[in-house]
Every structure is written in C-alpha cells, then in structure tokens.
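So the chains spell out like this:
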Amino acid sequence: MPDALPPPGSIRVRPRRSSADSLSGIFAVCLVSALLAGAYFGRDVLIPLALAALITFLLSPLANKLQRRIGNIAAVLAVMLLVLGGVVTLGWTIGNQAVDLANQLPGYKENIRAKLKSFQVPDEGLLSRLSETIEDLKKDLPGGENDTAARDEPEEAGPMPVRVVEGEPGRKLDTVQAMVSQVAGPLGTGALVLLLATFMLLKRDDLRSRLLRLIGQGRISTTTRAFDEAGSRVRRYLLMQLVINVSYGIPLAIGLHFIGVPNAVLWGALAAGLRFIPYIGPWIAAAFPVLLSLAVSPGWTTPLLTVGLFIVLELISNNIMEPWLYGASTGVSSFALIVSAVFWTWLWGTPGLVLSTPFTVCLVVMGRHVPQLAFLGVLLGEERALTPADDCYQRLLSRSDRDETELAEAFLRDKPLAEFYDAVLVPVIAAAENDQRAGFIDEGQRDRILQALGELVEDLSERPEGPDEQAPGGVDCRVRCLAARAERDAIAGGMAAQVLQRMGFDAIQMPAKRVVGELIGTLQQEQPDLVCISVVAPSKSGHAKSLCRKVRNALPGVKIAVGLWGKGSEGEAEAQALRDAGADEVFTAIADFAAHAGRFASSLAEETVPAGIPEGEEERLLALDRTGLANAEREPVLDHVTAKLARVFQAPITAVTLVDRERQWFKSYQGLPDGLEKEGGTTRDLSICGHVVSAGKTVMIRDLARDRRFSRNPMVVEHGIRSYAGAPIKVADGAVIGALCLMDTVPRTLTPQEKRLLEESAAEVAEEIERMADGE
C-alpha cells in the first residue's frame, strides 16, 4: 500500500541500511551480472540445453504413459523414434516441395516482368523529377561521370596489371563448402538437441530429484508445487500452441491449393513451424506465399486472395482458437511477454525468441512460490499490481481524478455488493485508521477518507437491485445496527444495513453519536428482531462486549449479532468472550451476516403467531354467549353493512366475525372464498380478527405476507389475502366480541377518514347485534 506524505510538522526517519544489507545488494547485482554474462557467452551450449529441456517438458507425459507398459528405456526410445520419424518425414516432404518450386521458378519470369512494369514511375511525375535531380548531382560527385571524363585524357601507356584468376574447379569447391557449412550447422544443433532430449527423458526423474535438492533446501513441498505448476503451464502452452499452429497450417495449405499457389503443402508446413516464433514468425510465413502468388499470376486476383486468406486465418486463430484452446492463461502479462521477447532475442537471437514465453512462465511461477523472488510475480505476472482495496485506498489518498465509484461499478459487474464491502471498503477503513495511528497520515486525511467512503456507500444505495439481493421469503424482519464506538463502526454498520435493505429487511443503522441510554430506549420502543453491533479495527471488542451486555439486559429476547468486520480468522479468539457477554452470533464478513439474517428471517416466516388472550376473557365470553350468535349460521340482517363497505371501500372481501373461546365465526360477508364460506369459520389460533379482539382496537396490516405473524396463515397461503383492516365490535359493557373487517388480495392501507368510517360501521354492527340479542 503506498505511503502517504508525513503529517505536517513531523519527519519520517528512514532506517539506515546496515553494511550487511549493502553487501547483500552488491552481491545480488554481481550475481545477476555474472548470470547474464554467462548466458550470453555460453549461448552455444545453453541454447541446445534449453531447447532439449523444452522438448523434455513436452514429451514427458507420453513417456510416462508408455513407461508403465514397456519400461523406461523402451518408452524413451519409442518416443524419440516417433519424433525423429515425424521430423524426417516432414523434412523429406518440405525438401521435395522446395526442389519442385526451384524447378518451376524460371517459368514465372514473364509474370514477374509484367508486375514490375506495372510499378513504373510516370515520366512527368514528382518521383521522376526527383530521381533525375539525384542522378545529375551524382555525376558531379568524385567518381561520377563528369569526374571520370575529366580524367580520361590520353596518357602514356604503361604496363598492364596482371591479375591471377583461380580456376573453375576451385570456385565450385568453395561454393560447396559454404553450402555444406550453412546446412551442417543447424543439422548438428538439431541432432545435439535430440540427443540431449533423449538423455534428459531417460534420466528425467533423477534430474528432477537433483534440482529439488539443489533448489528446495528446506522447502521441498514449495519447490515441488513450483515445479509441477511450471511444468503443467509450459506443457499446456506448448501443446496448445502446437494444436493452434497445425490447425492454422492445414487450412492454409488447402486454401493456397485452391487459390492456385504452387507447393501449398510447403507453405502450410512452413507457416505451422514459423508460428512457434512469436511476433515475427507469422509475417515471415506469409511473405513467401504472397510473393510467389505475385509471380505465378498474370493478374492481381491470386495475390489478393492469398492476402485475404492469411488475414482470415489470423483473425480466427487470434480471436477464437487461442482464447478457446489456451483456456487458463500462462499467468504472464502481455507487456511482460513483449519485454521478455525483446530481452531473450537480444541475448540468444531467434532461439531466445522461441524460448522467451516458457522462460517467463517459469520465472513467474518461481516468484509465486519463492518469497525472495516475489518481485518477479509482481513485475511479470498477470495479476493486478494492486488489490481492489489498495487501489481504492491510493485513489482516496492521492485525490485521484479517477472516481472510486468507477472502481465500485467495475467490481459490482459480476460480484455482489456485500463482497465489495468485505473485500474493498472495510479494509480501506481499517488501513486509514491504522495509518493515522502510525503517523503516516494525519487526522484530516483520515476524516476525508471516511467522509468519501460514507458518500460512496450512500451513492451505492441508489444502484438497481441485483438478482441475488431479493427478500428471503418476503418476510418483514426488523434489524437495527449499532456502532461499537466510533464513526468507522457506523460506516461499516451502514454497509451491513444497506445490504439487508436491498434484501427486503427493515434495517437501520443507528446514529453513532447518540449516547447509549438513548439508543437502548429507542430499541425498547421499536422492539427489533435482530440487533447487530459493528466493530472495525482499531476499535476493540471490549466496546462491543459492554454494549452487548446493555442490550441484552434491556431486551432479553432479542437476537444479537456482533460484526468484527475484516478480522478474519484472528477474530475467533474474541468470539467466545462476546458470546459470554450475550451475543448469539459473531461474524467477520458482511456477506456471512446477511446470509444469517436471511436464515433467521425464514425461521420467523415459518411461525404463525396466534393472537394473545385479552384481559377479562371470561367476561368477554359471557357477553358473547348472551348474544346467542356464536355459531356457523349466517345473519342476513347484517349483510347490508358488509355490502355497503364492499361498495364504499371497493374491497373484494368484507365480513362480520365473532370470536369465541376456540373458533372465529363468519356471521355476514361479501366475497368470502368458497372454502371459508363452506366452513363458516376458522380456528381461533389462525384468526386474524383474533388480534383485533386481543388488542381491543382497530388493526390494519398493509401486507400480511410480509408480517411474520401471518405469512404462513392459510388465509394468505391458500386464499391469497394480502391486506387486512378490522375494527372491534364492542357491546354495551365494552367487551370486544368480534370484528368488522375488510380484506384485499393486494397490499393496501386505509386513510384516517376510511379508518374512522370503518370504526363507525363497527359500532353500528354492535348496536344491531344487541338488538338481535334483545329479541327486537
């Protein structure tokens, strides 16, 4: 993480380097210089060794499979004979094609002349005049035509010089020797590479063991993992490159054949081989067929088709074949591959260019597994140089023009909001607090960072909800988040509350600056289902323990969760102490807490909470018995009330219910579902009107499905009733014997005027019931 400027008025003293550190640095520089010098001057030996090692990597899996059946020596000989046979067959085919091409070239002279004539410069053009000017100037230069004419005056004849010309047989011998030396060099190197590869395959297990002992002293497991990873990555790269090159060369040969370019097999094989040379290989492979197409064709159709074929094959290979077949990347950044190619080409020439990618892959793997070489993984690897948290922190420190919202949007394209908070913002809060305490940043910088994070969290609240942020079962669950001590705790708690809000919870982050007594009083009024106490380092868990005890004493039945955000595994030691203080669960990640809240809400949804028994239940039942209406018979005399309510409130269901000791009875109704109409009532524990009787006042529930008391009620699950409003029916002595209720299949609520009208209608029903009881 980047260091900020020191606070004003303070000086950060850099530790003095010891002599041992200086000597270690000098030794490292000398060692690297010696290795580079050895690699350059010893390239004649090292290049065959490196190529042989590369071939060994590629052929080892096949040799291992054959070894189980025919033994090691026979397996290696079979593999090398197979390779040698393929090389000889390919060389023989390419040689025949080359000889055939050499025999055909003289017949293309006229086409070549015609193409050259088409490129003649116009006589009166700019290039023609420029060429004439240059030719005139050349005549005046020493050795030009004018200078020669001046010196061609008659002179006295002198003796003629004698020059000895070697005989014709001597010149032919020199030519043959030059050709043999040019061919024998590559053939000898190739034979040496195959010989070395053969012995490396024979002793592959022994060589591996020696390298493990040499490199992995005390780190056998780490070195073994590094060897396995490097081998698998290099082997996969070579195999996939072979497949891609062959799948490139075969269509190329077929296409060139139908286009009419001679010796199509030669150019297809040449292209497949040259593509092993990064960057320049495909260009060299394309140059020969294109030039030949210009020679063999009297027109321009064949050359254009040849160029188009190469373009199409390159597009397919680069954009389809390589991403599909390579699959897992080599783990090296594209910039590192280019730099590596330049370096190894400078050091070893064309073989270095071929070996650059495998070498770089090995260096990246070593940097990943060897701590002393970790810088190689940073410089060459494809992983991001900065983690998302580090990137966000340095943007906030440097006040970069790059908005942190851009970073958040990029992260949230394929990951949930909770993971962004856990992986990015919570570590940034902790880093800012720790750096401020260490003196790396001042309080002003820390406060600006926290303010920016708070604004970012607020902005993210307006993001559209993702598919993974839906309410679990649509259950209404009240969650209140408390800060253990400081503003940083409140910011993290706000993140947790926001994640729950997007999941459909009634979640709120309580203000951090309120005193604990006021917070406890608010919790007692709101009666939440779940309380979450947020802690972010450097806040201590002791603050959370104290607050946890106070919440537990004030609300004995509430569920309490403590979030030690960003603690990781080191928070396990503090979890038990927090549980002893009254916490039910302890979490270190917002995502884990959100998942727990979802499970907790689902458990609430499975409960159907019956109405409580009101005070004076026996007197209420006596008043109901006096009416003589506690039965399943419908009372048509009350239908005018329910019909009027259905019309005035436009409610699909209206009913007059009476509630006795065990059942609820429908005495008058409009639009009641067939099942309920046939039964004439329900059990009291499932009665929604029972809650009106228990409360003794009007009860309005906007959405029954989001209220844990009724979310699993058959009225909701089986009959689709979503909203309810019921006013108590009170007889003369004040006893509540039932309710006048409105029900709808969509969530809705009543205005104060509508509520008053419902209560007046309930009083009218009560008077009618008393008249019926008196026999009027």
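Residues numbered from 1 in each chain as written. Predicted model: local features only at pLDDT ≥ 70, side-chain atom pairs only at ≥ 80, totals over all residues. Heavy atoms only, no water.

A. Structural view of the overall build of the chain. From N to C terminus, the chain includes 30 helices and 11 strands. Counting all 776 residues of the chain, 40% fall into the buried class. Surface summary for the chain: the accessible area is close to 43100 Å², and the carbon and sulfur share equals 60%. (Helix = DSSP H or I, 4+ residues; strand = E, 2+ residues; numbered from the N terminus. Buried < 20%, exposed > 50% of the residue type's maximum accessible area, 1.4 Å probe, protein only. Areas by Shrake-Rupley, 256 points an atom, 1.4 Å probe, with all protein chains shown as cover.)

B. The side chain of Asp-744, seen in detail. Note that Asp-744 resides in strand E11 (residues 736-744). Among the polar contacts listed, one links the side chain of Asp-744 to the side chain of Arg-748, at a separation of 3.3 Å. Other than its neighbours up to four places away in sequence, Asp-744 contacts Pro-652, Ile-721, Arg-722 and Ser-723. (Polar contact = N/O pair within 3.5 Å; in protein donor to acceptor, adjacent residues only side chain to side chain. Contact = heavy atoms within 4.5 Å.)

C. Highlighting the sheet that holds strand E9 (residues 699-701). Sheet architecture is open: 6 strands sit in the order E8-E7-E6-E11-E10-E9, paired in antiparallel fashion. This sheet does not close on itself; its edge strands, each paired only once, are strand E8 (681-683) and E9. Averaged over all pairs of adjacent strands, the angle between strand axes in this sheet comes to 20°, irrespective of strand direction. Pairing analysis gives 3 bridges linking E9 to strand E10 (residues 723-730), with the strands arranged antiparallel. The residue of E10 that forms the bridge with Val-699 is Gly-726. Lying on the sheet, helix H25 (residues 617-627) is in contact with strand E6 (653-659) and E11; it crosses E11 at an angle near 80°. (Pairing = 2+ DSSP bridges. Axes fitted to C-alpha atoms, helices over the stretch in contact; angles between N-to-C directions.)

D. The sheet that holds strand E2 (residues 506-509), seen in detail. Within the open sheet, the 5 strands sit side by side as E2-E1-E3-E4-E5. Their pairing is parallel. The open sheet has two edge strands, E2 and strand E5 (585-587), and neither has a second partner. Within the sheet, the average angular offset between the axes of one strand and its neighbour, ignoring direction, is 20°. Across 4 bridges, the pairing between strand E1 (residues 478-483) and E2 is parallel. The partner of Cys-481 across the bridge, within E2, is Gln-509. In this fold helix H20 (residues 487-502) packs onto E1, E2, strand E3 (530-536) and strand E4 (559-565), with an angle of close to 165° to the strand it touches most, E2.

E. Molecular detail of the packing of helix H16 (residues 388-398) against helix H19 (residues 443-460). It is the contact of H16 with H19, at a shortest axis distance of 10 Å, that shows an interaxial angle of 120°. As far as their axial angle goes, H19 and H16 are oblique. The hand of the H16/H19 crossing is right-handed. Contacts between H16 and H19 pair Tyr-393, Leu-396 and Leu-397 from the former with Ile-449, Ala-452 and Leu-453 from the latter. Of the residues contributing to the contact of H16 with H19, the split by class is 6 nonpolar, no polar and no charged. (Parallel < 35°, antiparallel > 145°, perpendicular 65-115°, else oblique. Left-handed = near helix turned anticlockwise from the far one by under 90°. Nonpolar A, V, L, I, M, F, W, Y, C, P; charged D, E, K, R; others polar.)

F. Highlighting the state of the cysteines. Within the structure shown, the criterion is met by 0 disulfides. There is no disulfide at Cys-741, and the cysteine sulfur nearest it, in Cys-689, is 3.9 Å away. (Disulfide = S-S within 2.5 Å.)

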